[in-house]
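Spelled out, the chains give:
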2 protein chains.
Amino acid sequence: MTPPPRFVEDYLLALLAQASHAASAAFHARLKARGVAVPAWRVLATLHGAGEGVTVGQLGQSCLMQQPTMSKLLDRMQAEGLLARARRGRQTRITLTEEGAALADSLVTEARAHEAALLARHAEAAPALKALLRAIISG
Amino acid sequence: MTPPPRFVEDYLLALLAQASHAASAAFHARLKARGVAVPAWRVLATLHGAGEGVTVGQLGQSCLMQQPTMSKLLDRMQAEGLLARARRGRQTRITLTEEGAALADSLVTEARAHEAALLARHAEAAPALKALLRAIISG
DNA sequence: CGTCCATATATGAAAAGTCATATATTCGCG
DNA sequence: CGCGAATATATGACTTTTCATATATGGACG
């Protein structure tokens, strides 16, 4: 007889968090090897191909970070020469520098390869999964 | 014409992270209202119904935290009277105090209600989703 | 226009997390 | 047994995140 499953083993939010963690682990290790922290990677990925700047608030939302955390992360990335701030009225638009864009390009390429491998392992279910995740994200 | 989707908008790992975040947002707000931080909740949930103690390492894995982070979180929760440590050889087994167990019970009840509401909103797809997440977690 | 309110970002002090390493404790094995 | 490698947890110095709040701009409306 299997014992009744403990709460946490069947709890959807735990499964989601663990799946997200597990799926990202390999790529996150690559990031670390390259000296890029996960939050910085998220900023780079969000800015990748985002022509004329994204605001601090938008970055916060997209990267799942609170606004003050984002402001300070941007401070550091700016100090590293990866991005630039441009105040436009009451908002601040962020753009990648050449160096930042090069790093973003390179990492996005790696990320795509990792994603392709992961999708291949779940080929039949992947499209449905993405759709479902989108539905969850939309509320 | 829709523009080509930006990388981050179709990247599986981003979708997973965002879905996890979005799905948890409402419950996390409830936790905050109750003065319980997310990492502490994860510990309580993991210990809920885990009879004779879980080790620090197991907690770290289940809660997606690194070991030193977990040790320090346990320090705080122990100081709040939620759990107890018992050294057993080279490992430390953690058990909930009565107070901790009461809090865990109460929060688990709330969590189940939230989960039920979320599952209801995706009734057809939910079982497949859980199975798929488990597959991703298993590697 | 000026005053009041909402929105966008920044900042300072405190809390939590991280990395490297210290401290035990167990295990394999000569 | 006793010694070295492996495993489990703890701790200290440092970095990042958070919470509360400050600053600054845009908007609505008298």
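Residues numbered from 1 in each chain as written. Chains lettered and ligands numbered in written order. Predicted model: local features only at pLDDT ≥ 70, side-chain atom pairs only at ≥ 80, totals over all residues. Heavy atoms only, no water.

Asker: Residue-level account of empty space enclosed by the protein, with values.
Answerer: Counting across every chain of the model gives one cavity of 30 Å³ or more. The volume enclosed by the largest cavity comes to roughly 40 Å³. Taken together, L118, L119, H122, A126 and L129 of chain A together with L12 and I136 of chain B make up the lining of the largest cavity. Taken together, the elements giving at least two residues each to the lining of the largest cavity come down to α5 (98-121) and α6 (126-137) of chain A. (1 Å grid on protein atoms, 1.4 Å probe; cavity = no way out; pocket = protein on both sides within 12 Å on 5 of 7 lines; lining within 4 Å. Points joined across faces, edges and corners; volume = space filled by probe spheres on them. Helix = DSSP H or I, 4+ residues; strand = E, 2+ residues; numbered from the N terminus.)

Asker: So what's going on with the layout of surface pockets? Which residues, and what values?
Answerer: Roughly 1600 Å³ of internal volume is contained in the largest pocket. Along its surface, the largest pocket is lined by 50 residues, and S20, H21 and R42 of chain A together with R42 and L64 of chain B are the ones closest to its centre. The set of elements that each furnish at least two residues to the lining of the largest pocket consists of α1 (12-33), α2 (38-47) and α3 (56-63) of chain A together with α1 (12-33), α2 (38-47) and α3 (56-63) of chain B. With 12 residues, the top contributor of residues to the lining of the largest pocket is α1 of chain A. Across the lining of the largest pocket, the residue classes break down as 28 nonpolar, 18 polar and four charged. (Nonpolar A, V, L, I, M, F, W, Y, C, P; charged D, E, K, R; others polar.)

Asker: Account for unusual backbone geometry, naming residues and giving values.
Answerer: Residues and elements named next belong to chain A. Here the phi dihedral of L64 falls at roughly 60°; this positive angle occurs in a residue that is not glycine. Of note, L64 is situated in the loop between α3 and α4 (67-79). For L64, a relative accessible area of 24% puts it in the partly exposed group. (Buried < 20%, exposed > 50% of the residue type's maximum accessible area, 1.4 Å probe, protein only.)

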